[in-house]
Structure formats: C-alpha cells, structure tokens
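Summary of structural features
Listed below, chain by chain, are the residues.
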Amino acid sequence: MEKIIIINKTNGFYSEVLNFKFKIEFEVINFYLNENLNKSEKNIIKEINNLIFKYKINYLVAEGDYLSLINYDFISKINCNKKILFLTDDYDMHEVNFISAKAFNFIFTACPISNFRYLEKGFDSYFVPLEANKNLFKKIDINKKYDISFFGAKKSTRDEYLKYLTENNINVNLMGYNNLPDYNWDNLSKFISQSKIVLNFSNTGNKNKFYSHQTIPHNFFSFKGRPIMVGLCDTLCLSEFSPANQILFNQDLPTFNNKEELLKLCKFFLNNNDQYKTKKNIFVKKCFKYEDHEYFRNILQTIIKKIVHKNNITYSMPYWYIRVFFNQKIRNISKRSNLMVYVKEICEALLLNLNKNKLFQIPIVLENLVKFPFIILKILINKFKKQKN
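Figured I'd write up the structure that's included with this text. (Residues numbered from 1 in each chain as written. Predicted model: local features only at pLDDT ≥ 70, side-chain atom pairs only at ≥ 80, totals over all residues. Heavy atoms only, no water.)

1. As for the environment of E41
Here E41 lies in helix α2 (residues 41-54). Residues E41 and I333, 292 residues apart in the sequence, show an inter-C-alpha distance of 9.6 Å. (Helix = DSSP H or I, 4+ residues; strand = E, 2+ residues; numbered from the N terminus.)

2. Observations concerning unusual backbone geometry
Apart from glycine, the bulk of residues carry a negative phi angle, and the bulk of peptide bonds sit in the trans form. The backbone of D65 shows a phi angle near 70°, a positive value even though the residue is not glycine. Note on placement: D65 falls in the loop between β3 (59-63) and α3 (72-76). Classification of D65 as buried rests on a relative accessible area of 5%. (Buried < 20%, exposed > 50% of the residue type's maximum accessible area, 1.4 Å probe, protein only.)

3. Examining the packing of aromatic side chains
Inspection of every chain in the model, using the stated rule, returns 28 aromatic pairs. An aromatic cluster is present here, built from Y14, F22, F86, F108, Y126 and F296 joined pairwise through their rings. When the ring centre of F296 is taken as origin, the NZ or CZ atom of K21, which lies over that ring, is 4.7 Å away. Sitting over the face of the ring of F20, K23 holds its NZ or CZ atom 4.1 Å from the ring centroid. (Phe/Tyr/Trp six-rings, centres within 6.5 Å; stacked < 30°, edge-to-face > 60°. Lys NZ or Arg CZ within 6 Å of the ring centre and 35° of its normal.)

4. Some details on the sheet that holds strand β4 (residues 82-87)
The strand order across the open sheet built from six strands is β2-β1-β3-β4-β5-β6, with neighbouring strands paired in parallel fashion. Sheet topology places β2 (27-32) and β6 (125-127) at the edges, where each strand pairs with a single neighbour. Each strand axis lies, on average, 20° off the axis of its neighbour in the sheet, ignoring direction. In the sheet, strand β1 (residues 3-8) pairs with β3 via four bridges, with the strands oriented parallel. Opposite I7, over in β3, you have A62 as the bridge partner. Those strands touched by helix α5 (residues 112-120) are β4, β5 (106-109) and β6, and its axis lies near 165° from that of β6. (Pairing = 2+ DSSP bridges. Axes fitted to C-alpha atoms, helices over the stretch in contact; angles between N-to-C directions. Contact = heavy atoms within 4.5 Å.)

5. A short note on the sheet that holds strand β11 (residues 255-256)
Strand order in the open sheet formed by five strands is β8-β7-β9-β10-β11, and the pairing between neighbours is parallel. If you trace the sheet from one side to the other, it starts and ends with β8 (172-175) and β11, each paired once. In this fold helix α11 (residues 273-288) packs onto β9 (195-200) and β10 (236-240), with an angle of close to 80° to the strand it touches most, β10.

See the structure below:
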C-alpha cells in the first residue's frame, strides 16, 4: 500500500477525520506542527523530508486555510512527488489559499463553489467534503426521541432562530452549544440518530478577514459539513439557504431563508410522518452519494494514476503574503520556552528574507526588530511558568 504523509496543524478533530479519509487508499503517516514548535522551521522541513525519504512516501497532504507554517515557501522546500492542499474554509481564506496552492499538484476543497473557483484558475481541483466517512458518522438503531436537534457552536444568527422556535413551542435539543463541544464520533452519531430532524445554519456572521486589502464586514452563507454528517446517520436535515447546498442537493435538502420558513418546515415534517419518511429517505440517499468509500476513493484512484510534471516556475510572493506568514511564524515561535531556538530562527528568517528580497523586505525586518524585546520577554515568562509547573 502506498504511503501518504499528512502535515497537520494540530492533533485533534480535523486530523482524525483526515486520517479516516486517506487510510481508505493509503498507509497514513502523521506529522503534527504544534508538537514541533521547539524546532526551527528549517529543522521541521528537514525532519519531514527525512520521513519522506525513509518511508519512500510519494504523497503529501497539508492543511490550508488559517495561518500556520504551511505556505508556498514551506511546501516548496518539501521533496514529495504529489502534494495535496486540503481546504475547508476557502470562502474565508481564498486570497491566501490561492497563492499557497501554487506549491501543490492537487486541491481538495470541502466546498463545491470553492472547487469551481480553482478549476476556473486552472488548478487540478476536486470537491471533497470533509465529514463524509460512514465509519465515523453512522446510523445507530435507536428510537428517535428528539423531534428537533442542533449540534455546534453558539454564533452568528443561530440564537435568534432557536429562540424563535422555542417561543413557538418547538423544543430544540442542543449539543456543544452553550459550552465547549465534548462529543466523540459515537455519542455524536447517537445524538443525530436519536433525532428526527437536525438543523443546519449557513450564516457565518460578519467577516472581514482580508490580508491584502481593507474591506467592510459581510456575511457568507457557506457550505457546512453538517448536512452530510446528518444524512449518514439516517436523519433528515433542515438547512438555512446556501448556494453550495443547491449545487449538491438541489431540492433534496429542505431549505429555509428566515425564522418563519424554518418554523413552517418543522411543523410540516413533525405533523406529516409519511412526508417526513419520504423526504428523509431521498435526502439520506443523496448524502451517501458523497460518502468516502465510494466518492472519495474514486478521486484518490484518479490522482494515483495521474502523472505530474515538476513545475520549475518560481513565483515572487506579494509583500502582504510574506508579511502575514512571517508574523504568524513569530507568534508560533513566541509560544516556545527555548530562547536560543527563537534567536536562531529570527536571525535566519530575517537575514534570509533580506538576502532574497533585498529592500522589499526592510519594512518587515524593522517591524519585527521592534517586537524583538517583547517576544523575548514573553518567551522568558513562558520558560519561567514551565519550570514552575
């Protein structure tokens, strides 16, 4: 069996889901960046390359989206035949992801609209929902004792919807809403399986995370993995409008645009059992169309067969891109308690950038020289706390 290395930002929910996905076709080797913050970036890259050479690894997956060490320069220094960028929140980070994607051979994105954007730009891109494995999300034969349920965080307009349902005598059972989620795969599958209907909200709330320019706050109605998770557990989902849902489900996922429409849908399906069963079965069947063991396996087999040609083009990164990743690197370094590692890293990074980009990088150098004493103080405090514990 071919081996694949997954470069994870942390060891947690996301990394576990990726493990289950890729072990369908590969022997998975994990590398966790958060467990290697005591090393310089240069040594982290060296260690990854040593693993690739030692285990004869031909495939690499790296998380994209929110800032970490994973960027164009970092991935370009890793020696692996086929590199895959996995994205889940590209709606929020596309301006960054698009540049990082130039270092990869394939893009796997968990949103169909995002997939079209990369295809439009000439990338070899595939729509790959993250939470779509029947071994993680599965039907449990148990009575459906809850009429309406929701699992997820308390944010955006969700509270307004839930309060409105409560005011109209619709009780919503919650999991992980008013406190940190404590669910594992088994109790989440059980919670969904016990529910006749699970709600999904698409509104992200105001977003203004742009690095290359200033903007104004605005909402996204983004694709969420929740509907597919719910369908794999043999339960019906009612979802707030999202254009991505229309692409995937068409009319097979009941959709609402406001509180009144949601209440109407809840009452209709709770009071019409035959209609509920019919709609649920159609929805569940559509969800299994995207289940990993068939849908994702076909994608993996496709990229395994593809021949990739080395791209010798070197791109000059824009100033804002270099700056945001450099500052993120400094934030990561400041979490360490090893002062010498920090000094070595900061000197290497500043001198390397200055040498490669000449005068272009001077503002970044000056900015971080100003921060230098404060970062050292933070590291010393962290070291003191670590010794005290």
